[in-house]
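# Tertiary structure, described
The primary structure of each chain is shown beneath.
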Amino acid sequence: MAGEVENPKKTFPAALFSAVILTCLAYIIPLMAVTGAVSVDQHEWESGFMAVAAQMISGKWLKIWIEIGAVLSGIGLFEAQLSSCAYQVLGMADLGIIPKFFGVRSKWFGTPWVGILMSTLITLSVSQMDFTNIVASANFIYSLGMLLEFASFVWLRRKFPTLKRPYKVPLSVPGLVVMCLIPSAFLMVIVVVATKIVFLVSGLMTLGAILWYFLMNYCKSKKWFVFANGDEIEEILS
């Protein structure tokens, strides 16, 4: 998404730094306030307890506001993830991995509306699952995807060090490896502690993605759909 941002070399570091600081404060300050003001059994600390604690401290009005904030936060997180997924679909269409019509943009806003629609339909299709399994499966697949992204990130920097990029991390290859190893360790913990249901769901989705890849190659050979040839990408890499 760096290509969609003006001056990413300046904007990205500032945005990431600010996001980390604000996220830490958003967790630490309410947690310290609640632990200092409320004395309850540890077993009562479960999902939604912050709203309950707010009611114990200041009344029902604060509980309502925290619940509203939680809903808006969830919507914001969903929109951010939806945007990321939509641009991944757009990128695959531009590379010729999936049919070209998946990369269609809105005439008014320039957003990849087909990718947004696909991501929304997938989200709705799994909404009938148990919430805990949805979160665990999403984290598992996300971890696998991030490990693949880290590996691709280091490989591209090593293979094409002079490639023009919207934003380039100012580190050498060894520095990039160390930078990626730290979050990779946490991602591996998520993979290791996954339950059987999570392994089943994630395995089926991974298998489906592999079958989809071969199906797209077959459609490309039969010329059933129009695919981008990816000439621009090949010119950049060459």
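Just so it is clear, the structure is predicted and the values come from calculations on it, not from any experiment.

When helices and strands are counted, the protein shows eight helices and zero strands. Along the protein, from the amino end to the carboxyl end, the secondary structure elements read α-α-α-α-α-α-α-α. Projected onto its principal axes, the C-alpha positions of the protein cover 65 × 40 × 40 Å. For the protein, with 238 residues in total, the buried portion stands at 21%. Considering only contacts within the protein whose residues lie at least 6 apart along the sequence, 51% involve residues at least 24 apart. With the model as given, the accessible surface of the protein reaches about 17,400 Å², and the carbon-plus-sulfur share is 70%.

Okay, the side chain of Ser106 next. Within the element layout of this structure, Ser106 appears in the loop between helix 3 (60–94) and helix 4 (113–125). The exposure class assigned to Ser106 is buried, which follows from its relative accessible area of 13%. A polar contact is formed between the side chain of Ser106 and the backbone nitrogen of Trp108, at a distance of 3.2 Å. Polar side-chain contacts of Ser106 include one of 3.4 Å to the backbone nitrogen of Phe109.

Considering the arrangement of structural elements, one finds Ala93 in helix 3. Relative accessible area serves as the criterion here: at 1%, Ala93 is assigned to the buried category. Between the alpha carbons of Ala93 and Val198 there is a distance of 29 Å; along the sequence they are 105 residues apart. Excluding its chain neighbours within four sequence positions, the residues that come into contact with Ala93 are Ile98, Pro99, Lys100, Phe102, Gly103 and Ala228.

Okay, the packing of helix 2 (residues 49–58) against helix 3 next. Two elements in contact, helix 2 and helix 3, have axes separated by 6 Å at closest approach and are oriented at 155 degrees. Regarding the angle of helix 2 to helix 3, the classification is roughly antiparallel. Crossing geometry of helix 2 relative to helix 3 is assigned as right-handed. In contact with Met50, Ala51, Ala54, Gln55 and Ser58 of helix 2, helix 3 contributes Lys60, Trp61, Leu62, Lys63, Ile66 and Glu67. For the contact of helix 2 with helix 3, the residue count by class is six nonpolar, two polar and three charged.

Reading the values: rules and limits
Residues numbered from 1 in each chain as written. Predicted model: local features only at pLDDT ≥ 70, side-chain atom pairs only at ≥ 80, totals over all residues. Heavy atoms only, no water. Helix = DSSP H or I, 4+ residues; strand = E, 2+ residues; numbered from the N terminus. Buried < 20%, exposed > 50% of the residue type's maximum accessible area, 1.4 Å probe, protein only. Contact = heavy atoms within 4.5 Å. Areas by Shrake-Rupley, 256 points an atom, 1.4 Å probe, with all protein chains shown as cover. Polar contact = N/O pair within 3.5 Å; in protein donor to acceptor, adjacent residues only side chain to side chain. Axes fitted to C-alpha atoms, helices over the stretch in contact; angles between N-to-C directions. Parallel < 35°, antiparallel > 145°, perpendicular 65-115°, else oblique. Left-handed = near helix turned anticlockwise from the far one by under 90°. Nonpolar A, V, L, I, M, F, W, Y, C, P; charged D, E, K, R; others polar.

Everything listed here is a matter of geometry and, on its own, says nothing about what the molecule does.
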